[in-house]
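# Chain and residue survey
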Amino acid sequence: MTTTHSLRQTAVVVIPTRNEEHTIRGVIAEVREAFAGLPYDLEVLITDDSTDATRAIARECGAHVVNGGGEGLGTAMYRGLKEALYLHPAVILSIDGDGQTDARTEIPLFVQPIMENRADLVLGSRFAREGLVGYQYRSVNMMGTRVLTWILRSMTGLPLTDSHGGIRAMVPDVARELQIIGSHTYVQETIIDAYEKGFRIVELASVWRKRNFGKSRVVGSIPRYIAYTLPVLLLRSGQHIRAMYAMGSLLFVGAFLVFGLVFVEEGFTLALGHRTPALIMIALMVMAGLQMLFFGFSFQLLKQIKRAVDRLEYDEHMPRPVSTEKSPQS
Ligand SMILES: Nc1nc2c(ncn2[C@@H]2O[C@H](COP(=O)(O)OP(=O)(O)OP(=O)(O)O)[C@@H](O)[C@H]2O)c(=O)[nH]1
Ligand SMILES: [Mg+2]
């Protein structure tokens, strides 16, 4: 028997789904149509947290299904992207499973910069120009998007116009190197992560259709979403570690200054036993300073440990210890 190996490269389209039984078939069909004219072998990978028939339908349509992890879109996308690497792709795309993205028209446009080696991560923006959003976008969502976009712009310096469009394309290294902290902040964290690692990021206009079935889950409450996102982005930036070190150092300097003041006041003598309040204050400042430095050190250590564990968990060159594929009965 002879085996034929395709010389074409593989593209993996990762689709996160949570109860998208009404749309997933159509979305996969659109993706297949989009690839009809592209020089890739297509693999569709669903990262799923559904309790409805989404999974079964996706399988019927020939998609791989992996377990989203049950912790929200961030975790699901993280797992989906890492799992995609086991299929040895030349390019990975992600699109929403609710049909809001025009996959058929946009996939070829988003793959183009990757094929031409002009970008490593291509982001969709619903606000790159007027008229891309095909329905009345709720003003509270609009405000939240503006805040998040502004944060991303200030953290990266990139002229971004959207914080979470529904389509992305990336080279596999972006997924391979990806590290995220939050379970719901995937969209923002991936941009910061890729930026920090020196990947070339471009943004393309992307049409945003109305959701016809089901309801939005990710951005149900924008204020709550922002309240969750901000601390994660702060952690992500490493500012908390710098703040701990800075506060620790300041407390030491403060303790030293207070001691110097008392020393001068007492005429350069070390017989300071009668200056109890000042001595207590100095001791407290030294102890608090030590604690701050210790916290800073611990945070840094935790960050490094997480990084090492993440790398071990998804190393596509290693044999896979357990399959994360959902069984048809589960
Ligand atoms: N696996 C997984 N997928 C999710 C989860 N939450 C949302 N999704 C999927 O992620 C995609 C985007 O989610 P939506 O709820 O539509 O969020 P959105 O498009 O930003 O919000 P709208 O603009 O209101 O539609 C959809 O395909 C969802 O099915 C989750 O917890 N796990
Ligand atoms: Mg949606």
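Residues numbered from 1 in each chain as written. Chains lettered and ligands numbered in written order. Predicted model: local features only at pLDDT ≥ 70, side-chain atom pairs only at ≥ 80, totals over all residues. Heavy atoms only, no water.

### Quick notes on the coordination of the magnesium ion (ligand 2)
Ideal geometry at a metal centre: 109.5 degrees between donors when four sit tetrahedrally, and 90 or 180 degrees when six sit octahedrally. Every protein donor of the magnesium ion (ligand 2) is accounted for by Asp98 (OD) and Gln100 (OE1), and the metal-donor separations fall at 1.8 to 2.0 Å. A single burial state applies to Asp98 and to Gln100, both of which are buried. (Donors = N, O, S within 2.8 Å, 3.2 Å for Na, K, Ca; no water. Buried < 20%, exposed > 50% of the residue type's maximum accessible area, 1.4 Å probe, protein only.)

### Concerning the pattern of salt bridges
Under the defined criterion, the tally for this structure stands at 17 salt bridges. Across the pair Glu33 and Arg104 runs a salt bridge, and its minimum N-O distance is 3.3 Å. Placement of Glu33 in helix H1 (residues 24-35) and of Arg104 in helix H4 (residues 103-115) is noted, with a sequence separation of 71 residues between them. Accessibility expressed as a relative area gives 44% for Glu33, which makes it partly exposed. Residue classification places Arg104 among the partly exposed residues on the basis of a relative accessible area of 43%. Of the charged contacts in the structure, one is a salt bridge between Arg176 and Asp173, with a shortest N-O distance of 2.6 Å. With Arg176 and Asp173 both in helix H6 (residues 172-177) and three residues apart, the pair spans about one turn of that helix. With relative accessibility at 35%, the residue Asp173 sits in the partly exposed group. (Salt bridge = Lys/Arg side-chain N within 4 Å of Asp/Glu carboxyl O. Helix = DSSP H or I, 4+ residues; strand = E, 2+ residues; numbered from the N terminus.)

### Overview of the nonpolar core
Counting residues in hydrophobic clusters, the biggest one holds 65 residues, and the most contacted among them are Val31, Phe35 and Ile107. Per element, the largest residue contribution to this core is six residues, and it comes from H1. Filtering out sequence-adjacent residues up to four positions away, Ile107 remains in contact with Val31, Ala34, Phe35, Leu38, Leu93 and Ile167. In this structure, Ala255, Val262, Leu272 and Ala278 belong to the second largest nonpolar core, which totals seven residues. (Core = buried A, V, L, I, M, F, W, Y, C linked by side-chain atoms within 4.5 Å. Contact = heavy atoms within 4.5 Å.)

### With respect to unusual backbone geometry
At His88, a residue that is not glycine, the phi angle is positive and equals roughly 55°. Relative to the assigned elements, His88 resides in the loop between helix H3 (73-84) and strand S4 (91-95). Taking the relative accessible area as the measure of exposure, His88 reaches 56% and is therefore exposed. Within the chain, Phe268 stands out as a residue other than glycine whose phi angle is a positive 60°. Among the structural elements, Phe268 can be located in the loop between helix H9 (239-265) and helix H10 (276-313).

### Points about the packing of helix H5 (residues 139-156) against helix H7 (residues 186-196)
Where H5 meets H7, the axes come as close as 10 Å, and the angle between the chain directions of the two elements is 10°. Taken together, the axis directions place H5 and H7 in an arrangement best described as roughly parallel. Taking contact as the criterion, the partners of Leu148, Leu152, Met155 and Thr156 in H5 are, on H7, Gln188, Ile191, Ile192 and Tyr195. Of the residues assigned to the contact of H5 with H7, the class counts are six nonpolar, two polar and no charged. (Axes fitted to C-alpha atoms, helices over the stretch in contact; angles between N-to-C directions. Parallel < 35°, antiparallel > 145°, perpendicular 65-115°, else oblique. Nonpolar A, V, L, I, M, F, W, Y, C, P; charged D, E, K, R; others polar.)

### So, the sheet that holds strand S7 (residues 201-205)
Reading across the sheet, the seven strands line up as S3-S2-S1-S4-S6-S5-S7 and stay open at both edges, with mixed pairing between neighbours. Two strands lie at the open edges of the sheet, namely strand S3 (64-67) and S7, each paired on one side alone. With direction set aside, neighbouring strand axes in the sheet form an average angle of 20°. Here strand S1 (residues 9-17) pairs with S4 via four bridges, running parallel. (Pairing = 2+ DSSP bridges.)

### Observations concerning helix H8 (residues 222-237)
The terminal C-alpha atoms of H8 lie 22 Å apart, and with 16 residues this matches the ideal 22 Å at 1.5 Å per residue to within 8%. When we look at burial in H8, the residues that qualify are Ile222, Tyr225, Ile226, Thr229, Val232, Leu233, Arg236 and Ser237. Next to the buried residues of H8 lie H5, H7, H9 and H10. Just downstream of H8 lies Gly238, where phi reads positive at about 80°. (Expected span 1.5 Å × (residues − 1).)

### Let's talk about the packing of aromatic side chains
Under the defined criterion, the tally for this structure stands at five aromatic pairs. An angle of 10° between the planes, with centres 6.0 Å apart, marks the rings of Phe259 and Phe263 as stacked. Here Phe259 and its partner Phe263 are both found in helix H9, four residues apart, which amounts to about one turn of the helix. Owing to a relative accessible area of 31%, Phe259 belongs among the partly exposed residues under this scheme. A residue is classified by how much of its surface remains accessible, and Phe263, at 23% relative accessible area, is partly exposed. (Phe/Tyr/Trp six-rings, centres within 6.5 Å; stacked < 30°, edge-to-face > 60°.)

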